[in-house]
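Spelled out, the chains give:
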2 protein chains.
Amino acid sequence: MVRQNTARRTALIDAAIEVLAAEGARGLTFRAVDAQAGVPTGTASNYFANRDDLLTQAGGRIYERLQPDAAEVADSRSGARDGDRVAVLIQGVVDRVSSFKSGYLALLELRLEATRRPALRTVLTKHIRADVDANIRHHLASGLPGDEDTVVLLYLAMNWLVVERLTLPDVFGEDEMRRLVTSAVERLLA
Amino acid sequence: MVRQNTARRTALIDAAIEVLAAEGARGLTFRAVDAQAGVPTGTASNYFANRDDLLTQAGGRIYERLQPDAAEVADSRSGARDGDRVAVLIQGVVDRVSSFKSGYLALLELRLEATRRPALRTVLTKHIRADVDANIRHHLASGLPGDEDTVVLLYLAMNWLVVERLTLPDVFGEDEMRRLVTSAVERLLA
DNA sequence: ACCGTAGTACTACAACTGGAGTGGTGTCAA
DNA sequence: TTGACACCACTCCAGTTGTAGTACTACGGT
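Throughout what follows, the structure given in this document is the object of discussion. (Residues numbered from 1 in each chain as written. Chains lettered and ligands numbered in written order. Predicted model: local features only at pLDDT ≥ 70, side-chain atom pairs only at ≥ 80, totals over all residues. Heavy atoms only, no water.)

What follows is about the relation of the copies chain B and chain A. When chain B is brought onto chain A, the operation consists of a screw motion whose angular component is 180° and whose axial shift is 0.0 Å, with 0.0 Å RMSD remaining. Such values leave the two copies arranged in the relation of a two-fold axis. The share of interface residues of chain B whose copies in chain A are also at the interface is 100%, consistent with both copies meeting through the same surface. (Least-squares fit on C-alpha atoms with pLDDT ≥ 70 in both. Contact = heavy atoms within 4.5 Å.)

Contacts to DNA strand C come from 13 residues, most closely from A:Arg31, B:Asn5, B:Arg8, B:Thr41 and B:Tyr47. Sugar and phosphate atoms represent 63% of those atoms of DNA strand C found within 4 Å of the protein. In the environment of DNA strand C, a base nitrogen lies 3.2 Å from a nitrogen or oxygen atom belonging to the side chain of B:Arg3. A distance of 2.7 Å is found between a phosphate oxygen of DNA strand C and a side-chain nitrogen or oxygen belonging to B:Tyr47. Elements represented by at least two residues in the surface near DNA strand C include exactly α2 (30-37) of chain A together with α3 (43-47) of chain B. When the residues that make up the surface near DNA strand C are grouped by side-chain class, the tally is four nonpolar, six polar and three charged. (Near = heavy atom within 4 Å. Polar contact = N/O pair within 3.5 Å; in protein donor to acceptor, adjacent residues only side chain to side chain. Helix = DSSP H or I, 4+ residues; strand = E, 2+ residues; numbered from the N terminus. Nonpolar A, V, L, I, M, F, W, Y, C, P; charged D, E, K, R; others polar.)

With that settled, consider the nonpolar core. Residues A:Leu156, A:Trp160, B:Leu156, B:Trp160 and B:Phe172 are the most contacted members of the largest nonpolar core, which totals 130 residues. Here A:Leu156 is in contact with B:Leu156, B:Ala157, B:Trp160, B:Leu161, B:Phe172 and B:Leu180, once residues within four sequence places are set aside. (Core = buried A, V, L, I, M, F, W, Y, C linked by side-chain atoms within 4.5 Å. Buried < 20%, exposed > 50% of the residue type's maximum accessible area, 1.4 Å probe, protein only.)

Below, the discussion takes up the interface of chain B and chain A. The interface is formed by 51 residues belonging to chain B together with 51 residues belonging to chain A. For the chain B and chain A pair, buried surface summed over both sides reaches about 4,600 Å², with 62% attributable to carbon and sulfur atoms. When the buried area of chain B at its contact with chain A is split by residue, B:Arg26, B:Trp160 and B:Arg187 rank highest and sum to 19% of it. Remark: the boundary between chain B and chain A carries 10 salt bridges. Among the elements of the structure, α1 (6-23), α7 (101-114), α8 (118-142), α9 (148-167) and α10 (174-188) of chain B are those that each provide at least two residues to the side of chain B that touches chain A. (Buried area = accessible area lost by both parts, 1.4 Å probe. Salt bridge = Lys/Arg side-chain N within 4 Å of Asp/Glu carboxyl O.)

In structure tokens form, the structure reads like this:
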């Protein structure tokens with residue numbers, strides 16, 4: 001019988017995200033999720049039909065958790081309207097994403113897994129396209145300088161910057177990374 | 001006894017790269033490598049002490065194969081010295097990397113695996129830092145416009161562009177991606 | 001020309017690990 | 001009383017590893 005307890009289901013999905021980040025797609029098993037969530041062996045089996053199901057739901061959940069909270073959005077709508085302001089905001093986004101390290105790493109694992117799972121690919125494509133569009137709209141509406149390409153190019157560069165920071169932190173130093181954020185904003189706003 | 005046949009060892013490592021890309025880190029087993037390389041079961045066991053050993057050697061090998069060949073380097077040193085020229089060159093790099101799809105995906109898998117394997121992290125950091133530095137030096141020496149930050153920022157943006165192309169190709173269309181390359185070069189050269 | 005040896009290819013085996021799935025029992029609340 | 005769920009235990013199965021053993025090939029010495 002498929003269980004309906006949504007609190008527990010969410011807890012299991014969050015546990016799955018942690019497992020993905022910590023152990024990789026290789027380590028994502030029902031058993032590992034059970035252990036991470038601190039529930040008895042066999043529980044995850046009762047909540048998800050199979051691995052595919054679990055991965056797909058995790059894909060949706062991560063994007064839910066990566067969304068900025070309301071306070072942050074409000075914050076971004078106040079204050080000055082210049083390039084320095086953009087740099088601060090972008091740095092904030094990079095820091096926020098970096099701080100949800102397990103989420104970001106799990107998302108990368110899912111991207112790779114999506115290569116082999118059409119259902120997962122569909123889900124991720126939808127969420128990510130929506131996220132990019134939302135960023136564009138939000139930026140254009142904010143009155144900050146920069147056009148659509150600005151936003152997308154910043155998205156590209158900052159994503160990889162986060163990848164470097166989270167996977168091989170010694171390629172660039174911490175200071176260099178902060179400088180790169182500033183530099184990227186300066187040049188891409190033109 | 002550890003086998004020394006270097007041709008076979010290389011073939012096994014290349015097979016490991018294909019397995020990584022196709023099956024993910026989850027699927028990288030000695031058996032799978034044997035099968036991919038078309039050699040009898042147990043062969044990979046004779047060539048690599050353990051999974052760690054195999055992964056580390058794969059990390060070195062990928063970067064070897066991702067290097068541009070001599071013809072391409074020579075090509076990049078001829079011709080005009082302007083922004084359009086840079087755009088063409090960058091597009092070439094993006095296409096070349098994208099075309100070695102399994103190599104790039106395997107490298108991503110390895111990056112994630114490096115989170116958990118210090119030995120692998122060391123190897124990858126060394127190679128990638130060297131690659132970035134080489135790109136910077138090469139670019140500055142070429143007389144093309146753009147400074148160090150230009151090169152690094154292009155590196156960041158183009159890497160993620162390739163990630164998008166290879167993992168979720170429908171987020172951006174093929175045309176949009178080519179336009180983004182041009183746009184990135186235009187703005188980052190400033 | 002013959003032989004011994006070292007390195008390697010190939011095959012097979014034996015044991016182990018870890019996970020999936022399922023059924024059963026107890027508990028709680030409507 | 002009934003339905004949903006938590007918890008637990010048990011079985012079955014698939015996949016991997018590491019190694020032992022045998023056969024082949026090339027090469028150097030005599």
